[in-house]
Amino acid sequence: MSAVFLSPTIKAELCAPQLRLVQTLYPKLRCGGGGRRDLQTHANGAATMPALGLVLNALGIGLFCWAMFVLAVHALPFFVALICGMIAFHGGAGVIGALLVGSVAGALTLAAGEVAFAVTRSLALRLVIATIFAVPAAIAGYNVVFALSQIAVPSLAWREAFACLGAFCIGGTRWTRLTVLARRGPPVRAG
């Protein structure tokens, strides 16, 4: 009986938390149960935030997986960049100098490996260069897939199987990216 004489703001505090915002927009919204309900006032925005959260979570997880894949494929240039950046940082270059040195060292490692693979005509030397780049990628792929499979796969045998498959896929991707550049021949001039 006392709820009849309360102000609309106090009535909003007595309602469910989802309806507080809606009740400030629609002051005639009822808080109690039973009786007739208003058919013209509905809280349609209650499902928007969870749906938006699910979409943004899926995009975030997809971006994370893509970044892990790219990092595993480029494992050797990343480790060279990391080591050179740490040496520069401990040598007194500072954070920005270490980032620059590391980025340049990683880019030069990647470019030197791809150019050396493309220019070399010896099959044995190509095999060695491709192996130098593919083995760290495969090891990184194994470790990434094994660590991520611990989240959802309880069986150790299945985790190992997924990790081996990940190592094969990521090492094969690195191998393929090197060999694609070498398959392209010199540009042919028309005429």
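Please read these numbers as outputs of a predicted model, since none were measured by experiment.

Draft legend 1. Spatial organisation of the overall build of the protein chain. When its secondary structure is counted, the protein chain shows seven helices and zero strands. Counting from the amino terminus, helix and strand elements in the protein chain follow one another as α-α-α-α-α-α-α. Element-wise, carbon and sulfur atoms account for 73% of the exposed surface of the protein chain, whose accessible area totals about 13600 Å².

Draft legend 2. The arrangement of the packing of helix α5 (residues 94-119) against helix α6 (residues 123-152) in detail. Interaxial distance between α5 and α6 falls to 9 Å at its minimum, and their mutual angle equals 155°. Our classification of the angle between α5 and α6 gives roughly antiparallel. Along this stretch, α5 crosses α6, giving a crossing that reads as left-handed. Residues Thr 109, Leu 110, Gly 113, Ala 116, Phe 117 and Ala 118 of α5 lie in contact with α6, whose contacting residues are Arg 126, Ile 129, Ala 130 and Phe 133. Within the contact of α5 with α6, the residues separate by chemical class into seven nonpolar, two polar and one charged.

Draft legend 3. Layout of the pattern of salt bridges. Applying the stated criterion across every chain yields a total of one salt bridge. Here Glu 114 ties to Arg 174 by a salt bridge, and the two come within 3.4 Å at their closest N and O atoms. Of this pair, Glu 114 sits in helix α5 while Arg 174 sits in helix α7 (residues 156-183), placing them 60 residues apart in sequence. Judged by its relative accessible area of 21%, Glu 114 is partly exposed.

Draft legend 4. Up close: the packing of helix α3 (residues 48-73) against α6. Between α3 and α6, whose axes approach to 8 Å, the crossing angle comes to 150°. Comparing the axis directions of α3 and α6 gives the class roughly antiparallel. Across from Phe 64, Met 68, Ala 72 and Val 73 in α3, the residues of α6 making contact are Ala 137, Ala 140, Gly 141, Val 144 and Leu 148. Class assignment for the residues of the contact of α3 with α6 results in eight nonpolar, one polar and no charged.

Draft legend 5. Just the packing of aromatic side chains, in detail. Evaluated as defined, the whole model comprises three aromatic pairs. Here the aromatic rings of Tyr 142 and Phe 146 are separated by 6.0 Å at their centres, their planes lie at 5°, and the arrangement is stacked. Residue Tyr 142 and its partner Phe 146 are both found in helix α6; the two are separated by four residues, about one turn of the helix. Judged by centre distance (5.9 Å) and plane angle (40°), the rings of Trp 158 and Phe 162 are tilted. Placement of the pair is Trp 158 and Phe 162 together in helix α7, with a separation of four residues, close to one helical turn. Judged by its relative accessible area of 53%, Trp 158 is exposed. Between the NZ or CZ atom of Arg 126 and the centre of the ring of Phe 117, over which it lies, the distance is 5.2 Å.

Draft legend 6. A look at a nonpolar patch on the surface. A contiguous nonpolar surface patch, about 510 Å² in accessible area, is contributed by Met 49, Leu 52, Val 55, Leu 56 and Leu 59. Position of Leu 59 among the secondary structure elements: in helix α3. Given a relative accessible area of 57%, Leu 59 falls into the exposed group.

Draft legend 7. View of the nonpolar core. With six residues, the main nonpolar core is built from Ala 72, Val 73, Ala 75, Ala 137, Ala 140 and Ile 170. Listed by contribution, the elements that provide at least two residues to this core are α3 and α6. Those residues in contact with Ala 75 that lie beyond four places of it in its chain are Pro 136, Ala 137 and Ala 140. Counting residues in hydrophobic clusters, the runner-up holds five residues, among them Phe 117, Ala 130, Phe 133 and Leu 178.

What counts, and at which threshold
Residue numbering note: each chain is counted from 1, following its sequence as written. The predicted origin of the model limits local features to residues at a pLDDT of at least 70 and limits the giving and counting of side-chain atom pairs to 80 or more, whereas totals for whole chains, interfaces and linings rest on all residues. Side-chain figures throughout are based on the complete set of non-hydrogen atoms in the structure, without hydrogens or water. Numbering of helices and strands starts at the N terminus; helices are DSSP runs of H or I of at least 4 residues and strands are runs of E of at least 2. Where accessible areas are quoted, they stem from the Shrake-Rupley method and a 1.4 Å probe; at the residue level, only the protein chains shown are allowed to cover. Note on method: axes are straight lines fitted to C-alpha atoms, helices fitted across the in-contact stretch only, with angles between N-to-C directions ranging 0 to 180 degrees. Angle categories: roughly parallel below 35 degrees, roughly antiparallel above 145, roughly perpendicular from 65 to 115, and oblique for all the rest. Left-handed is the label given to a crossing in which the near helix is rotated counterclockwise from the far helix by less than a right angle, and right-handed is the label when the rotation is clockwise. Any two residues having at least one pair of non-hydrogen atoms within 4.5 Å are treated as being in contact. For this classification, the nonpolar set comprises Ala, Val, Leu, Ile, Met, Phe, Trp, Tyr, Cys and Pro, the charged set comprises Asp, Glu, Lys and Arg, and every other residue, Gly included, is treated as polar. For this analysis, a salt bridge means a side-chain nitrogen from Lys or Arg found within 4 Å of a carboxyl oxygen belonging to Asp or Glu. For every residue, the accessible area obtained with a 1.4 Å probe (protein chains only) is divided by the maximum for its type, and the residue is called buried under 20%, exposed over 50%, and partly exposed between those limits. A pair of Phe, Tyr and Trp rings is counted when the ring centres sit within 6.5 Å of each other, with Trp represented by its six-membered ring. The angle between the planes then sorts it: under 30 degrees is stacked, over 60 is edge-to-face, the rest tilted. Look at NZ for Lys and CZ for Arg. If either is within 6 Å of the ring centre and within 35 degrees of the ring normal, a charge sits over the ring. Residues forming no salt bridge and having over 30% relative accessible area are the ones grouped into patches, like charges within 9 Å of each other and nonpolar side chains (Val, Leu, Ile, Met, Phe, Trp, Tyr) within 5 Å. Here, nonpolar core means buried Ala, Val, Leu, Ile, Met, Phe, Trp, Tyr and Cys residues that are tied together by side-chain atoms lying within 4.5 Å of each other.

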